[in-house]
Structure formats: C-alpha cells, structure tokens
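The primary structure of each chain is shown beneath.
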Amino acid sequence: MTTESLAVRTDTPVRTPIGKTRRGGRRLLRQGAGRQHHAGPLAYVLLAVMAILSIFPLYWTMVAASTDNTRVSQTPPPFLPGPNLFSNLARAWDEAAMGKAMINSLIVAGVIALSTVLFATLAGFAFAKLRFKGRNALLMLVIGTMLVPPQLGVVPLFMMMSELGWSQQLPAVIFPTLVSAVGVFFMRQYLSEALPDELVEAGRVDGAHSLRIFWSIVLPIARPAMAVLFMITFVQAWNDFFWPFVVLDMSNPTVPVALTQLSAGYVRDQSLIMAGALLGTLPLLAMFIVFGRQIVGGIMAGAVKG
Amino acid sequence: MATSTPKALAGEERPSPSPKSGGQGTGRSRRSALLHRLDVKGAPYTFVAPFFVIFAAFSFYPLVYTSWISLHRVELATLDSMTWLGLDNYIALWNDSRFWNALQNTITIGIISTVPQLLMALGLAHLLNYKMRNSLFFRVASLVPYATSVGAAALVFTMLFERDFGMINWGLGLVGLGPVDWEANKWPAQLAISTIVIWRWTGYNALLYLAGMQAIPAERYEAASIDGASRWKQFTHVTVPGIRSTIVFTIVLSTIGATQLFGEPLIFGQGPNGVTGGADNQYQTLGLLLYEEGWNNYQMGRAAAIAWAMFLLLVLVFVVQRMIARLRSRTS
C-alpha cells in the first residue's frame, strides 16, 4: 500500500473525487492517467449488457411485486408491471412489520454511520497530520484489523450482549460496529492530500488547541469525504445481515432480518415476498439515484492503488 | 506509509514566553505553556483512542475469548455456566461428517463465486476505463447490486431459480434445455448461491480495479505501444501488473467474505429454517453450521470451535496464496 499513486501534479485546477474543484490541490482520481482509449461499439454493447444484468433483478422484483401469486407462477413469467403494486406493498408492510424494521434500520444505520464518520475523521486527522510516538505502528494495527473478520467473535459477543441485557435490542447491533478501520484509513488518505500542513500550523501559531483546530479547520475541509463515508457506511449497516440476524428476533428486527420472515411461511406468496424485498431496497436505491456519483467516487477513492 | 508531518506540528515553534522572563503574567503563561504541551502530546492519542477502545471491546476481545469458549461446554440457555472440556469440541468437530461437508461446501462455493467474480470485475473495470459518454451511468449501474441487501437479493434470485416457474428454467427451456432442480441438487444449488454473490459484488470490485487502473501512468502504455504490444498484451503486461496490490486486496476481501458466507445460502434455503443448507446439507456452509450448532442445537462451545476452524481456514488460504505467489516470482 503506497500513497505515491495518490499524489499527482499540483499545478492545474483539479477535481477531488467528491466532485469539488480546488485550485492547487492534489486530486485522488486522475482522469489523465491510465488507458484512455475511446470506447468502440463493442464496449458499449458489453457495458449495456452488464448494466441490464445489474438492474434486471431489481426491475423484476418490482414486476413480481406488482402482480399476484398466480400470475407470477405462470410461464412465460411476466415482464411488465401489473396492477397490484401498492396493495402488495401495503400487505408486506403489515405482515413483515416493515414499518418497525425500517425505523430500526434507520436508527441503526444512522447512528453507526454518524459515529463511524466522527471517530474516523478524528483518528484519520491524527494519523495524517499529527506527530506522536507509535503512530506508524498504530496505523499498521488499524490496517491489520481490516483483515480480521468480525464474525469470528460472534459467540462471545452474543454472550456479552445477553450479560449486558441487550439481546433483541438495537444497542446490541449498534455497539460492535461503531467504528471502522476502513473508515479511519479512508479519512487518513483523504486528509493527507486535502488538508495543507500550513493550515494546521497556522492554527497552532494562533494558539488554537487541537480540538479547536479539528473543529474549525479539519471539519470543513473533511466534509465532502465525510459525506461519502457516511453514505457508504450507511449502506453497509443497512444491509448487514449475520449479526443482526443472530442477536435480534422478529419482534424487533432490522430490514434484512424482517425480510427472512416473509419467506419463512408455509404458503409462499411470491408477490408478497417481492414486495417486501422491494420495500427493503427502495430507501437505498433512492440514495443511489441521488448520490450515485459521490458513492462511486468515494469507493474509488478508498481503493488501494498501485 | 508516508511520514510527511512537518516539524511545526510538534508545537516547538509556538511563541511561548520563557519561564525566566519574570513579570506579572508568568504563572499564567507557564500554565498555558504546560497545557499547550499536554495538548500537543496528548491530543493525538485522544483522537485515535475511540477507535481502539471500541475495537478492543467489541472486536478484539470477543475474538480472543472465542478460543476460551471453544474449550468449554456452554449452552445457550445457561450462558454463564461453563464446563471445561479441553479439546473435546475440536475432536467432536473432527469426527463430525457435517463439519467436513460444510468445509467442502464453503470451499467450493467460495471458488465458484470468487474466481468468476474477480475475473468479470477485471473485464468490467477495463471497459469502464474507456473514454465514453454516459460513463457515470454505467458506473452507477454496476454498483446498484451492492446497494441491495443480502435479504432482498437472495429472495429475488431464489425466485428466478425456482424449479417450476422460475425465469431461469423458462429461459433454459427456450433454448431447448430441460429444467434444473436448482435447490435440490448439490452443484446447481451451489451455482445458484454463487450467482447471488457474483451479482452483488462484481460491480464493487470493478470500481476498486478501475481506481487502480486510473493510477497507472500513461507513459507505461505509450512505451508498451511503441514496443508494438497489442491491446491484449498491454492489458496483461501493463494493466494487470499495475493494479497488483488492488487485486491482492480484493482477493483477501472476497476470501474473508466467502469463508463466512451465510445470508445467501440461508435465504436460498427458504428463510430461517434454511440453516441446514438443503435437505442433504448440500449447500450448508461453515457459517450456517456455526449458527446451527450455536442457536439451533444450543452448543455455543461447538459454535466457537467452528469459528476457530473458519479462522484457520482463512490463515491456510493466505499461506497457500503467499506460497504460490513466491513460487511464481521465483520461476518467472
């Protein structure tokens, strides 16, 4: 893992991955490097096929959710939406406790994303711009923890949660994911590039203490990256399945946990199941349609390069 | 790691009054100088502390404690009473055919989901790297599956792979092939589960590769084309080596993901009852077996032993991967 590949020319106005133009800054995404042949017709065709494969299952979820169970089970299967979308959505909303699940997921993903962003920005700033003993060792530790699969601690974690009396409660889902090593690394990479050393220095000379420097110098500069990290973390926390499934039950589920309830019945009502799947995906899809560019840029900026 | 932090940040340059200067404000200045030193020395640790404290409490400690639990009999109903068993859980696991079956399934599903996924991601990234109109649309579109939860994705694919009315069997019928019972047979079931994994993660990996590709200096391509390298040669000799560390990173991430595969086979097996991974455990993964032992059979000690087996499997994969990499660099 090197940082060289992130550092580029500093003369031209450039775009940060977040989509803001800065003069004299260094950009994380280079449009000039890499292979930049123009796409031929074949590339367009292949990409169109990929796009269809990516989107079709979601489109078909919507189709299936808008028909009824008998229509879904006919051959050939339906390809166009039917008339029952809203009645199925309403039924799924009731039967899978979707209202409660959505509020739970909103709380869980919101709190996790907020705290991940806050702590990652604090630690990322320290790793990028402050000098302290053991900095490199600690940073390697952060990177090392990325490679430790969290699920391996699931048994003791479950025991801890029941001891704390948090079983079946949201804190049990929230606390283990309050911080993220990937987030710390991401913010460190961003701040090393985007935050000029002179600014921090100037703050010191003016006699500002570290927290004040963080508040009035770092935060405004980090904001675009924080927004991206927030969205990425939110998506992950919203979709997280294994641990919520273990520690929550159907009386108090998150969305992914509630969805398993739909397929558990003896009579499988496919339209109903698809309506539930659609409900669980809609909030994130909406976010993608609005912030697609930022999320794509953020994932690419966080990638290991070179 | 770059160590470019300027000296000024250590705080020495700050115009602090010398203690010997005397006068009225000395006491206060001295105190503020002390506070300042404390701040400069202490603040970095305070800033990184939340991460390490929370990580230690909820990730590292459980990880270590897992090994202690795995040496005990612990039942779900009586979590606070632990009976020492020594290695009994591991021995029982070794003699349990379900464990070997789950291990084998985890490996095969891992391979047939990870290998095509990363190869396709590489190709997709290459396409996305072309200069073109609508490039943002294609990037966002390829990332849409990533926004879908395991729950929703697995539900949809379970339906597409349905035996009697599923769209995939219908499509196979169109081209003259007989219907496949995707759920009941081992390889079709594993293939179907892999499809869900591949669908969800290909675009995400492609974006990581694309980021790496864009960091490759254009001069390398120029040099290659001056040497008369074809586009394919450029791809294999410039692009792929240029993103080597990204490729290693994605291999590590998808191996970790594959070892713990849980949601896809669970939901493919029709909801919470799917922990057995099919009637003959034909697609039960280690993740499912861990859940079955712990939360269906109430044997938390056994579940912890399975967690350790998963960890060992990961370590083994990485050791083998390192050895292959070393052998290859020696032969070339």
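Residues numbered from 1 in each chain as written. Chains lettered and ligands numbered in written order. Predicted model: local features only at pLDDT ≥ 70, side-chain atom pairs only at ≥ 80, totals over all residues. Heavy atoms only, no water.

With that settled, consider the overall build of chain A. Across its full length, chain A carries 13 helices and two strands. Across the 306 residues in chain A, those meeting the buried criterion constitute 58%. Counting only contacts in chain A whose residues sit at least 6 apart along the sequence, the fraction spanning at least 24 positions is 68%. Per element, the accessible surface of chain A, about 12,700 Å² overall, is 65% carbon and sulfur. (Helix = DSSP H or I, 4+ residues; strand = E, 2+ residues; numbered from the N terminus. Buried < 20%, exposed > 50% of the residue type's maximum accessible area, 1.4 Å probe, protein only. Contact = heavy atoms within 4.5 Å. Areas by Shrake-Rupley, 256 points an atom, 1.4 Å probe, with all protein chains shown as cover.)

A few words on the overall build of chain B. Scanning chain B for helices and strands turns up 13 helices and two strands. A compact globule built from 332 residues would reach a C-alpha radius of gyration of about 20 Å, whereas chain B, at 27 Å, exceeds it by more than 25%. With the C-alpha coordinates aligned to their principal axes, the bounding extent of chain B is approximately 95 × 70 × 40 Å. Considering chain B as a whole, with its 332 residues, one finds that 52% of them fall into the buried category. Across chain B, the fraction of contacts at a sequence separation of at least 24, relative to all contacts at a separation of at least 6, is 66%. (Rg over C-alpha atoms; globule rule 2.2 N^0.38 Å.)

Turning our attention to the nonpolar core. Nonpolar side chains tend toward joint burial in soluble globular proteins. Counting residues in each nonpolar core, the largest one holds 199 residues, and the members touching the most others are Phe125 of chain A together with Trp295 of chain B. Sequence-distant contacts of Phe125 of chain A, defined by excluding residues within four places in its chain, comprise Leu130, Leu191, Leu195, Val200, Ile213, Phe214 and Val218 of chain A together with Phe47 of chain B. (Core = buried A, V, L, I, M, F, W, Y, C linked by side-chain atoms within 4.5 Å.)

Residue and element names in this part refer to chain B. Between its first and last C-alpha, helix 7 (residues 186-214) extends 41 Å over 29 residues, near the 42 Å set by a 1.5 Å rise per residue. If you look at helix 7, its biggest bend is around 40 degrees, right at Trp201. Counting buried residues along helix 7, 24 of its 29 residues qualify, which places the element largely inside the surrounding structure. (Expected span 1.5 Å × (residues − 1). Bend = angle between axes of the 7 residues up to and from the residue.)

A word on the interface of chain B and chain A. Think of interface size as the accessible area that goes away when the parts come together; that is how it is often given. In this complex, chain B contributes 115 residues to the contact, which on the side of chain A involves 121 residues. In this assembly, chain B packs against chain A so that about 10,800 Å² is buried in total across both faces, 75% of it on carbon and sulfur atoms. At the junction of chain B and chain A, the tally comes to one salt bridge. At the junction of chain B and chain A, the tally comes to nine residue pairs in polar contact (both at pLDDT 80 or more). The leading source of residues in the side of chain B that touches chain A is helix 1 (residues 26-69) of chain B, at 22 residues. (Buried area = accessible area lost by both parts, 1.4 Å probe. Salt bridge = Lys/Arg side-chain N within 4 Å of Asp/Glu carboxyl O. Polar contact = N/O pair within 3.5 Å; in protein donor to acceptor, adjacent residues only side chain to side chain.)

The subject of this paragraph is unusual backbone geometry. In this structure, Gln168 of chain A takes a positive phi of about 65 degrees despite not being glycine. With respect to the helices and strands, the residue Gln168 of chain A is situated in the loop between helix 6 (154-164) and helix 7 (170-174). Located in the positive-phi region is Asn281 of chain B, a residue other than glycine, with phi close to 55 degrees. Its relative accessible area of 18% is what places Asn281 of chain B among the buried residues.

This part takes up the pattern of salt bridges. Taken as a whole and judged by the stated rule, the model has 11 salt bridges over all chains. Between Asp269 of chain A and Arg91 of chain A there is a salt bridge, and its shortest N-O distance comes to 2.5 Å. Pair noted here: Asp269 of chain A is in the loop between helix 12 (255-262) and helix 13 (270-301) and Arg91 of chain A is in helix 3 (residues 85-95), with a separation of 178 residues, a long-range link. For Arg91 of chain A, a relative accessible area of 33% puts it in the partly exposed group. The salt bridge involving Glu293 of chain B is made with Arg302 of chain B; its shortest N-O contact spans 3.0 Å. For Glu293 of chain B, a relative accessible area of 3% gives the class buried. According to the relative accessible area criterion, Arg302 of chain B is partly exposed, its value standing at 25%. Bridged by salt links that share partners, the residues Asp96, Arg98, Glu292, Glu293 and Arg302 of chain B form one connected network.

For the rest of this paragraph, the subject is the side chain of Gln190 of chain B. Residues and elements named next belong to chain B. By the secondary structure assignment, Gln190 is in helix 7. Side-chain polar atoms of Gln190 contact the side chain of Asn105, separated by 2.8 Å. Not counting the four nearest positions on each side in its chain, Gln190 is found in contact with Asn105, Thr108, Ile109, Ile112, Gln282 and Tyr283.

Residues and elements named next belong to chain B. The feature "transmembrane region" (unreviewed entry), as annotated in UniProt, sits at residues 45-64, 106-128, 140-161 and 300-320 in this numbering. Taken end to end, residues 45-64 has its terminal C-alpha atoms 24 Å apart, with 100% of it in helix and 0% in strand. This span, residues 106-128, is 100% helix and 0% strand, and a straight line between its end C-alpha atoms measures 32 Å. (UniProt positions renumbered as here; feature names shortened; annotations may be inferred.)

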